[in-house]
Amino acid sequence: MTSIPQNTSAPLATVQDLSVRFISRDMNVPVVNGVSFSLQQGEVLCLLGESGSGKSVTMRSLMRLLPPTAQLGGRIEVGGIDVLNLPRNQLSRIRGPLISMIFQEPLTALDPVYTIGQQISETVREHEGISQADAMRRALELLELVQVPSAKRRLAAYPHELSGGLRQRAMIALALSCRPKLLLADEPTTALDATVQIQVLLLLRELQRELGMATIFVTHDLGVACEVADQVAVMYAGRFVETGSITDIMDRPAHPYTQGLLNSTVSESLRDQDLASIPGAPPDLTALPPGCTFAPRCPRHTPACDIGVPPLLGNAGHQSRCIFPADLATRVATESVLSPAA
Ligand SMILES: Nc1ncnc2c1ncn2[C@@H]1O[C@H](COP(=O)(O)OP(=O)(O)OP(=O)(O)O)[C@@H](O)[C@H]1O
Ligand SMILES: [Mg+2]
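Let me begin by describing the structure that accompanies this report. (Residues numbered from 1 in each chain as written. Chains lettered and ligands numbered in written order. Predicted model: local features only at pLDDT ≥ 70, side-chain atom pairs only at ≥ 80, totals over all residues. Heavy atoms only, no water.)

## A word on the pairing of strand 8 (residues 214–219)
Consideration 1: With respect to burial, strand 8 is a largely interior element, six of its six residues being buried.
Consideration 2: Sheet topology places strand 3 (residues 44–48) next to strand 8; five bridges connect them, and they run parallel. Residue Leu-45 lies in a different strand from strand 8, and its bridge partner there is Ile-216.
Consideration 3: Two strands pair when backbone bridges link them, and strand 7 (residues 182–186) and strand 8 are joined in this way by five bridges, in the parallel orientation. Paired with Leu-184 across the strands is Ile-216, a residue of strand 8. (Buried < 20%, exposed > 50% of the residue type's maximum accessible area, 1.4 Å probe, protein only. Helix = DSSP H or I, 4+ residues; strand = E, 2+ residues; numbered from the N terminus. Pairing = 2+ DSSP bridges.)

This is the structure in structure tokens:
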């Protein structure tokens, strides 16, 4: 098993060899292939990777929020519960009190016909059986916690009556309403404009620390990862291709794909250098190459890369799914192997 480095205490969440395949009469697509990691209480893991690499499907697997066409394999254990084998009628044991999710677009998660107050208070009542008045009081506290201005008035607002930033805050309040031990934040700020993005991000980081929640944060944005992550997993074509601490990933990226991501990101340290794009296109998931899935786009590609999927190599804290040692891969990446951006 490959893993994000662990402390000695039992992890809150363990994912072992997770695979997800969408199967129907005219499709059979493997979208997550052997993902493994573990997460301690209070730890923040960032999932990085380009569109379609399997980040959201991995997150939804943790909540069992995938359609019946999804066939799941492997094992997911959160708070001692075997998530994949939990009977459907017991899913409310995990959704809310144990694991909660903030979605990229709050309108898909908020119900348009109920007020914000009704939605939060009903969720609390469902899980805690408290009175309606107490639940509404809790809803107010939660809106205040996520810094919604005029919170009392907003309790009576419908989702469409709020701005994008306020809706996202209401969504965060809803996600926190059952005091989850594990928060899944799937690109929680990408739908917002830049200044609101930073506010919501800082708020989330503050709440995460204050409430001590373990968090998995999905983002395309390395700047966001730097702000929030303890650990990072870089995903490509449904696999983790590099795992490590945020410092390892930013200062010593070992996989050519991670290096490509860093070189194509605007940052202060790269101010005087050309931005580089990663040549080629993401792979067709229905026809993955037999060896390294990044090989067709990789500057370091040799015939040896096409023989079997490389294992994650390195030390327990920093691993890369590349057959070349990290120092060599780093050297290659700096030799202008990535074509300048158009
Ligand atoms: N319900 C579904 N049925 C069939 N295929 C799906 C379904 N949901 C996702 N997929 C496919 O699974 C793959 C991974 O999707 P996923 O949403 O996890 O990507 P992602 O990494 O979250 O991308 P993005 O950054 O764009 O959100 C994609 O090829 C997507 O088309
Ligand atoms: Mg996604």
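## Structural notes on the site of ligand 1
Consideration 1: Within the structure, ligand 1 sits among 15 residues, and Ser-51, Gly-52, Lys-55, Ser-56 and Val-57 are positioned closest to it.
Consideration 2: In this structure, an oxygen atom belonging to ligand 1 sits 3.0 Å away from a main-chain N or O atom of Gly-54.
Consideration 3: Computed on the free molecule, ligand 1 has an accessible area of 640 Å², of which 66% lies beneath the protein chains in the complex.
Consideration 4: Those elements giving two or more residues to the shell around ligand 1 turn out to be strand 2 (27–39) and helix 1 (55–63).
Consideration 5: At three residues, helix 1 tops the list of elements feeding residues into the shell around ligand 1. (Near = heavy atom within 4 Å. Polar contact = N/O pair within 3.5 Å; in protein donor to acceptor, adjacent residues only side chain to side chain. Areas by Shrake-Rupley, 256 points an atom, 1.4 Å probe, with all protein chains shown as cover.)

## Side note on the environment of Arg-25
Consideration 1: Its location among the elements puts Arg-25 in the loop between strand 1 (13–24) and strand 2.
Consideration 2: Along the chain, Arg-25 and Thr-69 lie 44 residues apart, while their C-alpha atoms are 9.8 Å from each other.

## Remarks on the pattern of salt bridges
Consideration 1: A complete count under the given rule lists nine salt bridges for this structure.
Consideration 2: Put simply, Asp-134 and Arg-137 hold a salt bridge, and the shortest N to O gap is 2.5 Å. On the criterion of helical spacing, the pair formed by Asp-134 and Arg-137 is a turn pair, its members being three residues apart in helix 4 (residues 132–145).
Consideration 3: For Asp-134, a relative accessible area of 35% gives the class partly exposed.
Consideration 4: Overlapping salt bridges, with partners in common, bring together Arg-75, Glu-77 and Asp-82 in one network. (Salt bridge = Lys/Arg side-chain N within 4 Å of Asp/Glu carboxyl O.)

## Considering helix 6 (residues 164–176)
Consideration 1: For helix 6, built from 13 residues, the straight-helix expectation of 18 Å at 1.5 Å per residue is met to within 8% by its first-to-last C-alpha distance of 18 Å.
Consideration 2: Across the 13 residues that make up helix 6, a large majority, 12, are buried. (Expected span 1.5 Å × (residues − 1).)

## Brief notes about empty space enclosed by the protein
Consideration 1: Evaluation of the coordinates by the stated rule reveals three cavities of 30 Å³ or more.
Consideration 2: Of the pockets and cavities examined, the largest cavity occupies roughly 90 Å³.
Consideration 3: Residue lining of the largest cavity: 13 residues in total, with Cys-292, Cys-298, Cys-305, Cys-322 and Ile-323 positioned closest to the centre.
Consideration 4: A class-by-class count of the residues in the lining of the largest cavity yields 10 nonpolar, one polar and two charged.
Consideration 5: Empty space within the second largest cavity amounts to approximately 60 Å³.
Consideration 6: What lines the second largest cavity is Val-44, Leu-183, Ala-185, Leu-204, Arg-205, Gln-208, Thr-215, Phe-217 and Val-228.
Consideration 7: The set of elements that each furnish at least two residues to the lining of the second largest cavity consists of strand 7, helix 7 (194–211) and strand 8. (1 Å grid on protein atoms, 1.4 Å probe; cavity = no way out; pocket = protein on both sides within 12 Å on 5 of 7 lines; lining within 4 Å. Points joined across faces, edges and corners; volume = space filled by probe spheres on them. Nonpolar A, V, L, I, M, F, W, Y, C, P; charged D, E, K, R; others polar.)

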